[in-house]
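Below, each chain spelled out in residue letters.
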Amino acid sequence: MSAPIKNASQNVTSPGDMFTLENPVFCCYLFWATVLVVKMLLMSLLTAIQRFRYKIFPNEEDLFFKNLEVQFDDPHVERVRRAHRNDMENILPYFIMSLIYISTNPSAVIACNLFRVASVARIIHTLVYAVYPVPQPSRILAFATMLLITFYMAAIVALRTLSFI
Amino acid sequence: MSAPIKNASQNVTSPGDMFTLENPVFCCYLFWATVLVVKMLLMSLLTAIQRFRYKIFPNEEDLFFKNLEVQFDDPHVERVRRAHRNDMENILPYFIMSLIYISTNPSAVIACNLFRVASVARIIHTLVYAVYPVPQPSRILAFATMLLITFYMAAIVALRTLSFI
Amino acid sequence: MSAPIKNASQNVTSPGDMFTLENPVFCCYLFWATVLVVKMLLMSLLTAIQRFRYKIFPNEEDLFFKNLEVQFDDPHVERVRRAHRNDMENILPYFIMSLIYISTNPSAVIACNLFRVASVARIIHTLVYAVYPVPQPSRILAFATMLLITFYMAAIVALRTLSFI
């Protein structure tokens, strides 16, 4: 009779608990966002490897070998840099979009699989773009996968919050 | 007598509930952040449109037409890419800044209008930069609007958390 | 007898309260993330200063002086732009990584000091790269500091959420 009523906000399905380790959707986001962060940071190291392999450096203070001049247009280095820029253009907005998508309390099955597919697609994108170039449309398909998933999440969030325009 | 006391943490004004759909400021953030994510991703498609229109491709495997060579310095493509890079430089830090600004429990009227003005300003920035180039200072004003709003939010957050330096 | 039981989710150590001003780790994140956002936005202004000082503009509508043509490869401007791009490559993923790292409820001493060291390292990176170029390895060390801290946070988060792969 006097027992406290179970409070809805302590429920995983309540909006107040979305960003905690008790929410499996958030945990799945944590894992795959971490994978993508590491993948992105490895692009810097891949660029560095290419710079040392082909002895291409963009700054005077980076000329670690004798008789070198700064150089900017080496195709091996620029390919990795384009892949890295493409990551920033797509993965960084995805980080925000998928994070706020969690606040709409999506189905765990749908949300987790979207996180998995999008992340694996971007790993494939890097492999076919920067590591071992492969004929199209492999790169376009990998690119489009995360793009469409981000658009889907955007549609869900925008429809849910349309009255706050 | 035995009724459970209303718990402060279920209140929208409590710090614990900022990032839920019950907080109108967060909902407004969700809507406009989504708009900006979609706007940024459309820059990739706008770049692709320019690449196909002017047949300018940066990778060997992208040469979808006969007798083409890779090319990098087309002004129509580069203009869109500069606008896209400017988006990354400004909108991505704004996403984080405005998200954490919500945790300071700002006035809903101020916060929501800042989100609206900043987002519309960046849409205008894209229109006058990448879609239909317009004489200055239109682009500088659109650029400065989000910049100043982000600086304002930074000042609020930094003053509130200065003791944790 | 009828007093409501203290609910675990109102505890700072509970996963539900991580992203509130009651959590000192989150407050420390707020302060230093704000510092880095401001630092990044100042790169745009530093680029603008260099553009006006050396009269190097990339768009027709930006030619504020007579007898100028668009120009892209000035070393003073490009150095600042490379530093700015390096910020985007490293600080933006760090923002997400360190934000979600907070959800694992890390030790306040460790987490706060990681935030401080990473942020100061990136300020030094900007100084030795874009403001006053200094011989290596100063820039490499400043770069590696945030990189290793981000990898450490990634390891913590990934191990904690590995079962959600």
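Structure's up top.
Residues numbered from 1 in each chain as written. Chains lettered and ligands numbered in written order. Predicted model: local features only at pLDDT ≥ 70, side-chain atom pairs only at ≥ 80, totals over all residues. Heavy atoms only, no water.

Draft legend 1. Geometry of the overall build of chain A. Helix and strand counts for chain A stand at four helices and zero strands. Starting at the N terminus, the α and β elements of chain A follow one another as α-α-α-α. In terms of C-alpha radius of gyration, chain A reaches 21 Å, well past the compact-globule figure of 15 Å for 165 residues. Referenced to the eigenvectors of the C-alpha coordinate spread, the extents of chain A come out at roughly 85 × 35 × 30 Å. Within chain A, the proportion of its 165 residues that are buried is 53%. Total accessible area on chain A stands at roughly 7200 Å², and carbon and sulfur atoms take up 67% of it. Distance from the positive charge centre (14 side chains) to the negative charge centre (11 side chains) of chain A: 9 Å. (Helix = DSSP H or I, 4+ residues; strand = E, 2+ residues; numbered from the N terminus. Rg over C-alpha atoms; globule rule 2.2 N^0.38 Å. Buried < 20%, exposed > 50% of the residue type's maximum accessible area, 1.4 Å probe, protein only. Areas by Shrake-Rupley, 256 points an atom, 1.4 Å probe, with all protein chains shown as cover. Lys, Arg positive; Asp, Glu negative; His and termini not counted. Charge placed at Lys NZ, Arg CZ, Asp CG, Glu CD.)

Draft legend 2. Spatial organisation of the relation of the copies chain A and chain C. Between chain A and chain C, which share one sequence, the superposing operator has a rotation angle of 120° and an axial displacement of 0.0 Å; the RMSD is 0.0 Å. In symmetry terms, the pair is related by a three-fold rotation axis. (Least-squares fit on C-alpha atoms with pLDDT ≥ 70 in both.)

Draft legend 3. Examining the packing of aromatic side chains more closely. As enumerated under the stated definition, the model contains 21 aromatic pairs over all chains in all. Measuring from centroid to centroid gives 5.1 Å for Phe52(A) and Phe57(A), while their planes differ by 80°, and the two rings are edge-to-face. By relative accessible area, Phe57(A) is classed as buried at 3%. Joined through ring pairs, the aromatic side chains of Phe19(A), Phe26(A), Tyr29(A) and Phe115(A) make up one cluster. A cation over a ring is seen here: Arg139(C) above Tyr129(C), with NZ or CZ 4.1 Å from the ring centre. (Phe/Tyr/Trp six-rings, centres within 6.5 Å; stacked < 30°, edge-to-face > 60°. Lys NZ or Arg CZ within 6 Å of the ring centre and 35° of its normal.)

Draft legend 4. Seen up close, the interface of chain A and chain C. At the junction of the two partners, chain A supplies 40 residues and chain C supplies 42 residues. For the pair chain A and chain C, the summed buried surface comes to about 3400 Å²; carbon and sulfur atoms form 69% of the total. Broken down residue by residue, the surface that chain A buries against chain C is led by Phe31(A), Leu41(A) and Glu61(A), which jointly contribute 18%. Here chain A is connected to chain C by two salt bridges. The salt bridge partner of Arg139(C) is Glu61(A), with a shortest N-O separation of 3.4 Å. Elements with a minimum of two residues in the side of chain A that touches chain C: helix H1 (24-54) and helix H2 (75-102) of chain A. Among the elements that line the side of chain A that touches chain C, the one with the most residues is H1(A), at 17 residues. Across the side of chain A that touches chain C, the residue classes tally to 26 nonpolar, seven polar and seven charged. (Contact = heavy atoms within 4.5 Å. Buried area = accessible area lost by both parts, 1.4 Å probe. Salt bridge = Lys/Arg side-chain N within 4 Å of Asp/Glu carboxyl O. Nonpolar A, V, L, I, M, F, W, Y, C, P; charged D, E, K, R; others polar.)

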